[in-house]
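Overview (structure and organization)
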Amino acid sequence: RGGGEVVEVEVAEEGAPDRTVWSPSEVRESVPGGRFKACVNGDEDFIEEFGLEDEGREWRKVEDQASAKKAYAAAHALAKRKAAAEKAAEKAAAEAAARTAAAGADKGEGKAGRKGESKGEGGPKPKKRKVTASGGAPRPPPGVVVSHRYAFGMAVEVAGEDEGFERSWYSGEVLKAAAKVTVRYDALFEEDSDAKRPLTETLEPGRLRPLPPKAQEGWLRKAKAGLPLELKHDGGWWQVEFVSVADGGDAETATQLLVRGAGELWGGAEILADVSSLRPGWHFNAASQSWGSRGAAAAAAPKKSRSGSKSRRSGARPDKGAA
């Protein structure tokens, strides 16, 4: 797209992150692969890259360029005023903090001087940093999950909890990250939406994880019955387990495998799945920021004591057939 052209980009509505609006955005430059960069809503700190595959979902064309450019100019002017106001507020806060620090330093020097006169010592010694017996800062106890830090534009996967979506992971993009995280899904949509409008939800961070890494070459070499896997189906990734090779050969060279849904998913029916639609059964450890096998994570989880407790989106619900 040509520089200077104005398009509309879908962004989270200010003050209402669950809703999105189309904002005027100026195309700044073209990049290889038919993609382009645009300044979104006149905010010079909000430069995003888009491609043709995103048209209609993340950005759309505007036929009336004259009106669009007027709207962008107004948004750009407003963004500049907001940026100037924020900069002035930051400067005022920094100056106030500096005055407070200077006043505290003067007061401290006076006390230190008096103390030095009485004991013949110099000023106060710098305070040493506290550490634990390990020599560093305190770490969470074993088993405590620390939330991963999410940010705008980050690609994530969300664990399904609604009825019919249990044991699934659906990908999306972070629109806003605070105490809770607002995500726009890639392949889940608002019910009764004629235009298949992508669903947006605000979620607890514990239901999210970053996109998993790619499987290493030969990852099925030592596949055994019960190996945790994930099956691409109906736009998401579903937890399944390896049963056997379809033709009785070697899993590493096979093109199809027999799998079954993990737990009670799909009634435990066996499914013939293409290897290209499978990936490892990933588990993300937020405390160590590392990836491992879902089976290994379950085996390492602390077991409950005997006195402890016993162990609406649109879109078709998953059936027993593989994608």
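Residues numbered from 1 in each chain as written. Predicted model: local features only at pLDDT ≥ 70, side-chain atom pairs only at ≥ 80, totals over all residues. Heavy atoms only, no water.

Attention now moves to the confidence of the model for the chain. Low pLDDT marks regions whose predicted coordinates should not be analysed in detail. For the chain, mean pLDDT is 81; residues scoring 70 or higher make up 78% of the total. Low pLDDT (under 50) marks residues 116–120, which in the prediction has two contacts with non-local residues, meaning those over four places away or in another chain. Note on residues 302–323: pLDDT is under 50 here. Beyond four places in sequence and across chains, it has 41 contacts. (pLDDT = per-residue confidence, 0-100. Contact = heavy atoms within 4.5 Å.)

Counting 31 residues, the largest nonpolar core has Leu-208, Leu-257 and Leu-278 as its most contacted members. Of all elements in the fold, only strand S6 (155–159), strand S7 (168–177), strand S8 (181–189), strand S9 (198–203), strand S11 (228–233), strand S12 (236–245), strand S13 (256–261) and strand S14 (270–274) reach the threshold of two or more residues within this core. If we skip the residues at most four places from it in the chain, Leu-208 touches Tyr-150, Val-156, Glu-157, Val-158, Val-181, Val-183 and Leu-203. In this structure, Val-27, Phe-36, Ala-38 and Val-40 belong to the second largest nonpolar core, which totals ten residues. (Core = buried A, V, L, I, M, F, W, Y, C linked by side-chain atoms within 4.5 Å. Buried < 20%, exposed > 50% of the residue type's maximum accessible area, 1.4 Å probe, protein only. Helix = DSSP H or I, 4+ residues; strand = E, 2+ residues; numbered from the N terminus.)

Enumeration according to the criterion identifies eight aromatic pairs in this entry. Between Phe-165 and Tyr-170, the ring centres sit 6.0 Å apart and the planes meet at 65°, which makes this aromatic pair edge-to-face. Since its relative accessible area comes to 5%, Phe-165 is described here as buried. Ring centres 4.9 Å apart and planes at 45° place the aromatic pair Phe-284 and Trp-291 in the tilted group. Sitting above the plane of the Trp-169 ring, Arg-209 keeps its charged end 3.7 Å from the centroid. (Phe/Tyr/Trp six-rings, centres within 6.5 Å; stacked < 30°, edge-to-face > 60°. Lys NZ or Arg CZ within 6 Å of the ring centre and 35° of its normal.)

Below, the discussion takes up the side chain of Ser-23. Structurally, Ser-23 can be placed in strand S2 (residues 16–31). Once you skip the residues sitting within four places of it in the chain, Ser-23 turns out to touch Val-7, Glu-8, Val-9, Val-11 and Asn-41.

For the rest of this paragraph, the subject is the pairing of strand S3 (residues 35–40). If a strand is regular, its side chains alternate between the two faces of the sheet. As judged from the four bridges shared by S3 and strand S4 (residues 47–50), these two strands associate in the antiparallel manner. Residue pairing in the sheet places Phe-36 in a bridge with Phe-50 of S4. Hairpin geometry of S3 and S4 is characterised by an intervening segment of six residues between the two adjacent antiparallel strands and by a positive phi of about 55° at Asn-41. (Pairing = 2+ DSSP bridges.)

Another aspect to go through is the pairing of S6. Counting buried positions along S6 yields four of five residues, so the element is predominantly enclosed. Two elements, S6 and S7, share five bridges in a ladder whose sense is antiparallel. Looking across to S7, one finds that Ala-155 is bridged to Glu-173. With three bridges joining them, S6 and strand S10 (residues 208–210) adopt antiparallel strand pairing. Across the sheet, the residue bridging to Val-158 is Leu-208, located in S10.

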